[in-house]
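A look at the structure
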Amino acid sequence: MKTIGVLTSGGDAPGMNAAIRAVVRTACENGIKVFGINEGYKGLIEGNLQELNIRSVSDIIHRGGTMLHSARCREFQEEAGMQKALETCGNKEYGIEGIVVIGGDGSFRGARDLSLRGIPCIGIPGTIDNDIVSSDYTIGYDTCLNTVMQMVDRVRDTVESHSRCIVVEVMGNKCGDLTLNAGIAVGATAIVIPEIQSDIEKHVIERIKRTQTTDKKHFIVMVAEGIGGVEELARKIEKECKVESRAVILGHVQRGGSPTVRDRVVASQMGYKAVQLLMQGIGNRVVVQKDDHIIDYDIYEALSMDRKVNSELYKIAHEISI
Ligand code: ATP
């Protein structure tokens, strides 16, 4: 393989830059030309590419976001859009023979479709949500967890001073990992995630009332984005538990910031591995972390895996949050 492309697609995540850097440098060190494809699949369709060299990726390892920008592109999901993307790859100016796709499950479906049409692609899990079933870990997750913890710690200071309750909505799509882990880290009284079904109001209100009997005066309730309804829940808590309550939606602040050590290291390992696979002519694979090892799966296999919630962790959170 003489020339490859790299793109970031779907939601941005801290650590994507570290992955781009690893891809570019591994390729360059092995005599492979690299094109950075701007704005994900949209840039591939539009021919929005730039050649990258070892120095093009200097001073990005510590930056959040993605130097290649990201996008969601419906056109790519239609055959006409796909054909345009293939034309870009085949264009004499580029001659792209393989692509590293950094993104989530949707982006991997696109990588699978391109692989089937003769452009071998390797997926790298990059999303703050940790919702890629095939991988124990996704790039951006650790940075995001720490951001959520720091934000809630700040709100806690004021909540404590005023003996209030805050109901925090945490991003994470349909996956409760961010909410559960950050919930433990901030000492939340109640944690609500989509994977564990319950009568939400009853569960939260019962827990607050129970801690009130132990003289607790301020409360943190963490609710996953996939559940929603934080304003309404705050009103209900105020009425039933007689404690002034506020809803806080963290939103996009969760996506930003300098990546943590973990995100930088995993991103570097995954970027390296992805290029190694392409160098062997292997495509239609996704690079994942399993039991502290970086391995790869077939994209079909990866996309069909079932998700398991860490119920042991949920149980611990429940027992120690009193
Ligand atoms: P995040 O987890 O941050 O949402 P994602 O990669 O899952 O990331 P999506 O918006 O689902 O984000 O997908 C990103 C892009 O991948 C889409 O805009 C589209 O171009 C492409 N894509 C998504 N689903 C498919 C599919 N089924 N077939 C082909 N391409 C797809």
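On a predicted model such as this, the values are computed, not experimentally measured, just so you know.

The subject of this paragraph is the overall build of the protein. From N to C terminus, the protein includes 11 helices and 11 strands. Its C-alpha atoms give the protein a radius of gyration of 22 Å, within 12% of the compact-globule value 20 Å for 322 residues. Considering only C-alpha atoms, the protein reaches an extent of 70 × 35 × 35 Å along its principal axes. In the protein, which comprises 322 residues, the share counted as buried stands at 53%.

Summed over the entire model, instances satisfying the criterion amount to 16 salt bridges. When the shortest N-O distance is used, the salt bridge between K84 and E75 registers 2.8 Å. Look at K84 and you get partly exposed, because its relative accessible area is 37%. Look at E75 and you get partly exposed, because its relative accessible area is 32%. With a closest N to O distance of 3.9 Å, E240 and K209 form a salt bridge.

Further remarks concern the sheet that holds strand β9 (residues 245-249). Taken in spatial order, the four strands make up an open sheet running β7-β8-β6-β9, and their pairing is parallel. The open sheet has two edge strands, β7 (190-192) and β9, and neither has a second partner. Across the sheet, the mean angle separating the axes of adjacent strands is 15° when strand polarity is ignored. Strand direction decides the pairing type here: strand β6 (residues 165-170) and strand β8 (residues 219-224), joined by six bridges, are parallel.

Where interface size is quoted, it is often the accessible area lost as the parts come together. Each domain of the protein was delimited in the assignment, giving domain 1 (3-140 + 259-303) and domain 2 (144-255). Computed from C-alpha atoms alone, the centre-to-centre distance between domain 1 and domain 2 is 35 Å. Listed by partner, the interface residues are 10 residues for domain 1 and 10 residues for domain 2. Here domain 1 meets domain 2 over a buried area of about 800 Å², counting both sides, of which 48% is carbon and sulfur. For domain 1, the biggest contributors to the area lost against domain 2 are D12, I128 and D129; these three give 55% of the whole. Counting across the interface, domain 1 meets domain 2 through zero salt bridges. At the junction of domain 1 with domain 2, the criterion picks out three residue pairs in polar contact (both at pLDDT 80 or more).

As a further point, take the environment of N30. Its place among the elements puts N30 in the loop between α1 (16-29) and β2 (33-37). Using a relative accessible area of 40% as the deciding quantity, one classes N30 as partly exposed. Considered as a pair, N30 and V275 are 245 residues apart in the sequence and their alpha carbons are 9.4 Å apart.

Basis of the calculations
Residues numbered from 1 in each chain as written. Predicted model: local features only at pLDDT ≥ 70, side-chain atom pairs only at ≥ 80, totals over all residues. Heavy atoms only, no water. Helix = DSSP H or I, 4+ residues; strand = E, 2+ residues; numbered from the N terminus. Rg over C-alpha atoms; globule rule 2.2 N^0.38 Å. Buried < 20%, exposed > 50% of the residue type's maximum accessible area, 1.4 Å probe, protein only. Salt bridge = Lys/Arg side-chain N within 4 Å of Asp/Glu carboxyl O. Pairing = 2+ DSSP bridges. Axes fitted to C-alpha atoms, helices over the stretch in contact; angles between N-to-C directions. Domains from an automatic or database assignment. Contact = heavy atoms within 4.5 Å. Buried area = accessible area lost by both parts, 1.4 Å probe. Polar contact = N/O pair within 3.5 Å; in protein donor to acceptor, adjacent residues only side chain to side chain.

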